[in-house]
Amino acid sequence: MTVDVVELLQACRAANLRVTTAESCTAGMVAAALTDIAGSSDVFDRGFVTYTNLAKTEMLGVREATLAAVGAVSEEVAREMALGALVNSDAQLAVSITGIAGPGGSEFKPEGRVCFGIALRNGCQTETIEFGAIGRAQVRTAARNHALDLLQRAASAK
């Protein structure tokens, strides 16, 4: 991992931030990395694993219209996931991940494309990373690491 999770948790404590995750293609890997550290319960509030579109709408309030218009692997859905995680938790900082870990993909949404959202109560930023067709496990690991980095940067900036 590129991020020292102990340091990430300390940065969140110093900024008085509780964290929530909204994960699709990583299926809880970010939440697991955070909770692998003893004492993380004072920082980590909860995680949402929303692998299907139905789970995204039911648990996070992602709009069906957004999913129909742009698909699950999009910055728009990543934004709605992150903001929905904040609304449905006691956290002040959320990260969301939705992507195509593979194998497969399409010419419009290739394998290795992952969209992220990072949200605080005052707004949300999104980005898309093209990890490439490096293999399912590697895409998921890279996405987890990038999400932890986004959390680290957000907590350190507070």
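One can find the structure itself at the top, above this paragraph.
This section reports on the structure supplied with the text. Because the structure is a prediction, the values reported are computed rather than measured.

### A closer look at the side chain of T20
Along the chain, T20 turns up in strand 1 (residues 19-23). Look at T20 and you get buried, because its relative accessible area is 0%. At a separation of 2.8 Å, a polar atom in the side chain of T20 contacts the main-chain carbonyl oxygen of R46. What T20 contacts, discounting residues up to four positions off in sequence, is R46, F48, A85, L86, S89, A91, L93, A94 and V95.

### Concerning helix 1 (residues 5-14)
For helix 1, the set of buried residues is V5, L8, L9, A11 and C12. The arc enclosing the buried residues of helix 1, seen along the axis, measures out at 155°, which places them on a common side. Looking at the buried side of helix 1, the elements it contacts are strand 1, helix 2 (29-35), strand 3 (93-99) and helix 6 (136-157). N-cap assignment for helix 1: the residue whose side-chain oxygen lies 2.9 Å from the backbone N of V6 is D4. Of the residues one or two after helix 1, N16 is the one with positive phi, at around 55°.

### Concerning the sheet that holds strand 3
Here five strands make up an open sheet; going across it, the order is 2-1-3-4-5 and the pairing mixed. Looking along the sheet, the strands with just one partner apiece sit at the ends: strand 2 (44-49) and strand 5 (123-130). Ignoring strand direction, the axes of neighbouring strands in this sheet form an average angle of 15°. Pairing of strand 4 (residues 113-120) with strand 5 involves eight bridges; the strand directions are antiparallel.

### Some points on the pairing of strand 2
Sheet analysis places strand 1 next to strand 2, joined by five bridges and oriented parallel. Pairing of A22 across the sheet is with F48, part of strand 2. As for the winding sense of the linkage, the β-α-β connection from strand 1 through helix 2 to strand 2 is right-handed.

### As for the layout of surface pockets
Its boundaries defined by the atoms lining it, the largest pocket holds a volume of some 210 Å³. What lines the largest pocket is a set of 14 residues, among which I118, Q125, L150, R153 and A154 lie closest to the centre. Sorting the residues of the lining of the largest pocket by element identifies strand 4, strand 5 and helix 6 as the ones contributing at least two each. The residue makeup of the lining of the largest pocket, split by class, is eight nonpolar, four polar and two charged.

### Details of the packing of aromatic side chains
Within the structure shown, the criterion is met by one aromatic pair. Considering the side-chain rings of F116 and F131, the 6.4 Å spacing of their centres and the 80° angle between planes classify their relative orientation as edge-to-face. You can see F116 sitting in strand 4 and its partner F131 sitting in the loop between strand 5 and helix 6, a full 15 residues away along the chain.

### Some details on the pattern of salt bridges
The full count for this structure, using the stated rule, is seven salt bridges. Salt-bridge contacts for R153 lead to D149; the nearest nitrogen and oxygen are separated by 2.9 Å. A residue pair is termed a helical-turn pair when its members lie 3 or 4 positions apart in one helix, as R153 and D149 do in helix 6 at four residues. A relative accessible area of 44% places R153 in the partly exposed class. Overlapping salt bridges bring together R18, D45, R46 and D90 as one network.

Conventions and cut-offs
Residues numbered from 1 in each chain as written. Predicted model: local features only at pLDDT ≥ 70, side-chain atom pairs only at ≥ 80, totals over all residues. Heavy atoms only, no water. Helix = DSSP H or I, 4+ residues; strand = E, 2+ residues; numbered from the N terminus. Buried < 20%, exposed > 50% of the residue type's maximum accessible area, 1.4 Å probe, protein only. Polar contact = N/O pair within 3.5 Å; in protein donor to acceptor, adjacent residues only side chain to side chain. Contact = heavy atoms within 4.5 Å. Arc of directions from axis to C-beta. Pairing = 2+ DSSP bridges. Axes fitted to C-alpha atoms, helices over the stretch in contact; angles between N-to-C directions. Right-handed = clockwise from strand over helix to strand, strands pointing away. 1 Å grid on protein atoms, 1.4 Å probe; cavity = no way out; pocket = protein on both sides within 12 Å on 5 of 7 lines; lining within 4 Å. Points joined across faces, edges and corners; volume = space filled by probe spheres on them. Nonpolar A, V, L, I, M, F, W, Y, C, P; charged D, E, K, R; others polar. Phe/Tyr/Trp six-rings, centres within 6.5 Å; stacked < 30°, edge-to-face > 60°. Salt bridge = Lys/Arg side-chain N within 4 Å of Asp/Glu carboxyl O.

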